[in-house]
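One-letter residues, chain by chain:
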Amino acid sequence: MASLKAAASLVLAAMLTGCCLISAFPGGAGACARDDWQDLVEDGHYEEAFSQLDRGAIVHTNLYSNMLAYDILNVVVHRDAVKQDELLCSPVLAKYPNSFSWTMQSCKLLQSYLANGTLDQEILPVLERSFSRDDQYDWWLPVLKSLG
């Protein structure tokens, strides 16, 4: 029961802070500091940022933004080794295929990239407009563009 409470506390902390979960999840150590993790991504240290992510912990929490962060960094770091059916974001996109949110459009862009090897030039402007309206997550745009 104590581990369940620790896990619930960790998930709540991640939800409240917007942090992704690091591999310390099973021990209940907590969520990574968003600013530190974001700084790694913004500074172009994609591999280091990705190494801090624990796929199992992210899937377990079912937080879509964390799943998308994992997917983006996984594709950027591993490019050709990632298959479309490995994207954590795909099942949610399947439920909301017409959404214009930056998360759904980013997932579409990743799917397209994995299928065609290039960035979809119809999705990219939609993402740019979305990020221009909500600059809270605009630091993802250069990461996505690094694929093309």
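What counts and what doesn't
- Residues numbered from 1 in each chain as written.
- Predicted model: local features only at pLDDT ≥ 70, side-chain atom pairs only at ≥ 80, totals over all residues.
- Heavy atoms only, no water.
- Core = buried A, V, L, I, M, F, W, Y, C linked by side-chain atoms within 4.5 Å.
- Buried < 20%, exposed > 50% of the residue type's maximum accessible area, 1.4 Å probe, protein only.
- Helix = DSSP H or I, 4+ residues; strand = E, 2+ residues; numbered from the N terminus.
- Salt bridge = Lys/Arg side-chain N within 4 Å of Asp/Glu carboxyl O.
- Phe/Tyr/Trp six-rings, centres within 6.5 Å; stacked < 30°, edge-to-face > 60°.
- Patch = residues over 30% accessible without salt bridge, like charges linked within 9 Å, V, L, I, M, F, W, Y side chains within 5 Å.
- Areas by Shrake-Rupley, 256 points an atom, 1.4 Å probe, with all protein chains shown as cover.
- Lys, Arg positive; Asp, Glu negative; His and termini not counted.
- Charge placed at Lys NZ, Arg CZ, Asp CG, Glu CD.
- Contact = heavy atoms within 4.5 Å.

### Notes on the nonpolar core
Then comes step 1: Among the nonpolar cores identified, the biggest contains 40 residues, and W37, V41, L73 and W140 are the most heavily contacted of them.
Then comes step 2: Every element with two or more residues in this core is listed here: α2 (34-42), α3 (46-51), α5 (64-78), α7 (102-116), α8 (123-133) and α9 (140-145).
Then comes step 3: For this core, the element with the most residues is α5, which contributes 9 residues.

### Describing the pattern of salt bridges
Then comes step 1: If you walk through the whole model with that rule in mind, you get 1 salt bridge.
Then comes step 2: In this structure, the salt-bridge partner of E128 is K145, at a minimum N-O distance of 2.7 Å. Of this pair, E128 sits in helix α8 while K145 sits in helix α9; the two residues are 17 residues apart in sequence, bridging distant segments of the chain.
Then comes step 3: Residue classification places K145 among the partly exposed positions, given a relative accessible area of 36%.

### Some points on the packing of aromatic side chains
Then comes step 1: A full pass over the atoms with the stated rule returns 4 aromatic pairs.
Then comes step 2: Look at F50 and Y70: their rings are 5.1 Å apart centre to centre, the planes differ by 45 degrees, and that puts the pair in the tilted class. On the criterion of sequence distance, the pair formed by F50 in helix α3 and Y70 in helix α5 is long-range, its members being 20 residues apart.
Then comes step 3: Of the residues examined, F50 reaches a relative accessible area of 12% and is grouped as buried.

### As for a negative patch on the surface
Then comes step 1: Negative charge collects at one region of the surface, where D36, D39, E42, D43, D134, D135 and D138 lie side by side.
Then comes step 2: In this structure, D134 sits in the loop between α8 and α9.
Then comes step 3: A relative accessible area of 33% means that D134 is categorised as partly exposed.

### What to know about the side chain of S112
Then comes step 1: On the secondary structure map, S112 appears in helix α7.
Then comes step 2: When its relative accessible area of 10% is taken as the criterion, S112 is described as buried.
Then comes step 3: Sequence-distant contacts of S112, that is, excluding residues within four places in its chain, are made with Q84, G117, T118 and D120.

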